Amino acid sequence: MSTPNEPARHGSHEDVFALVMGTLFVAFGMLICAKAELLTGGLAGVALLLQYVTGTGFWIFFALVNLPFFVFAPKVLGWPFTLRSLLAVAMVSLLARAISSWIVISDIHPLFAAIMGGGLTGTGLLMLFRHGTALGGFNILVLYLQNRFGLRAGYVQMALDLSVLLASAFVLTPANLAWSVLTGVLVNLVLAFNHRPGRYQATTGAGVRRST
């Protein structure tokens, strides 16, 4: 039990629930984006871009491009956070592969795909962030910057995400690039509006303490 000066801790069942639902939301958001050939930012956007170029599934690339970031993650964020995040990356990859066989989307308007893909992904990331978990890559970086320097995770991630989207201009059509920018903005507005320093203080296990 927490004291008045100590943030409350999430229970193990709460962490597990957040891990399952958060990764499910993100994986489904990626499926929606992929159907409309849109990108998000970050390494998920890189994995989607590689899927469009090569025809190989998002789930494989998402796992591979994240691995290098876990080399330095234990040093800057600790082993509990790193292991939770590594598990989350694996779950998103596996769920993305599974969902593609569980549901078939025959057609989707890019505006709806941008709104739902961005909203689901941002909500999934919010669940994970509040339970001391990230999805590797840029997520590790932005959480470190927020915890170390008080920089808002949403705004830092937005800048990185937009950089990825701009770099993809040679692959996407101008229309899809514009819809993708909207997707990235919506992902990060969910975080910026709901993941503020000082607003949410609960912690998870022995992992990184978060001020959201």
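Structure: above.
Looking only at helices and strands, the protein chain features nine helices and two strands. For the protein chain, the N- to C-terminal ordering of α and β elements is β-α-α-α-α-α-α-α-α-α-β. Counting every position in the protein chain, which comprises 212 residues, the buried fraction comes to 50%. The long-range share in the protein chain, meaning contacts at least 24 apart out of those at least 6 apart in sequence, stands at 71%. Taken as a whole, the protein chain presents about 9,900 Å² of accessible surface, with 69% of it coming from carbon and sulfur.

With 20 residues, helix α6 (residues 110-129) should cover 28 Å at 1.5 Å per step; its first-to-last C-alpha distance of 27 Å lies within 8% of that length. In this structure, the buried residues of α6 make contact with α1 (12-35), α7 (137-149), α8 (153-167) and α9 (174-194).

Turning to empty space enclosed by the protein, a few remarks are in order. Taken as a whole and judged by the stated rule, the model has one cavity of 30 Å³ or more. Here the largest cavity defines a volume of roughly 180 Å³. Forming the walls of the largest cavity are 23 residues, and the residues nearest its centre are Gly41, Ala44, Leu125, Asn139 and Gln157. Those elements that provide at least two residues to the lining of the largest cavity are α1, α2 (42-54), α3 (58-66), α6, α7, α8 and α9. Partitioning the lining of the largest cavity into residue classes produces eleven nonpolar, eleven polar and one charged.

Moving on, we get to α1. Here α1 is 24 residues long and its end C-alpha atoms lie 35 Å apart, about the 34 Å a rise of 1.5 Å per residue gives. Directly beyond the C-terminal end of α1, a positive phi value near 55° is found at Glu37.

Turning next to the environment of Leu111. If you trace the backbone, Leu111 turns up in helix α6. Residue classification places Leu111 among the partly exposed residues on the basis of a relative accessible area of 34%. For the pair formed by Leu111 and Ala36, sequence separation is 75 residues and the distance between their alpha carbons is 9.2 Å. Once residues within four sequence positions are removed from consideration, Leu111 is found in contact with Trp179 and Leu182.

Roughly 160 Å³ of volume is contained in the largest pocket. Put simply, the parts of the chain that give the lining of the largest pocket at least two residues each are α1, α2, α3 and α5 (79-102). No other element matches α1, which puts four residues into the lining of the largest pocket. A breakdown of the residues in the lining of the largest pocket according to their chemical character gives eight nonpolar, three polar and one charged.

Packing of α2 against α3 brings their axes to within 8 Å, and their N-to-C directions diverge by 135°. Accordingly, the angle class assigned to the pair α2 and α3 is oblique. Of the two elements, α2 crosses α3, and the hand of that crossing is right-handed. Residues Leu43, Ala44, Val46, Ala47, Leu48, Leu50, Gln51 and Thr54 of α2 form the contact with α3, whose own contacting residues are Phe58, Phe61, Phe62, Val65 and Asn66. Partitioned by chemical class, the residues of the contact of α2 with α3 number ten nonpolar, three polar and no charged.

Rules behind the numbers
Residues numbered from 1 in each chain as written. Predicted model: local features only at pLDDT ≥ 70, side-chain atom pairs only at ≥ 80, totals over all residues. Heavy atoms only, no water. Helix = DSSP H or I, 4+ residues; strand = E, 2+ residues; numbered from the N terminus. Buried < 20%, exposed > 50% of the residue type's maximum accessible area, 1.4 Å probe, protein only. Contact = heavy atoms within 4.5 Å. Areas by Shrake-Rupley, 256 points an atom, 1.4 Å probe, with all protein chains shown as cover. Expected span 1.5 Å × (residues − 1). 1 Å grid on protein atoms, 1.4 Å probe; cavity = no way out; pocket = protein on both sides within 12 Å on 5 of 7 lines; lining within 4 Å. Points joined across faces, edges and corners; volume = space filled by probe spheres on them. Nonpolar A, V, L, I, M, F, W, Y, C, P; charged D, E, K, R; others polar. Axes fitted to C-alpha atoms, helices over the stretch in contact; angles between N-to-C directions. Parallel < 35°, antiparallel > 145°, perpendicular 65-115°, else oblique. Left-handed = near helix turned anticlockwise from the far one by under 90°.

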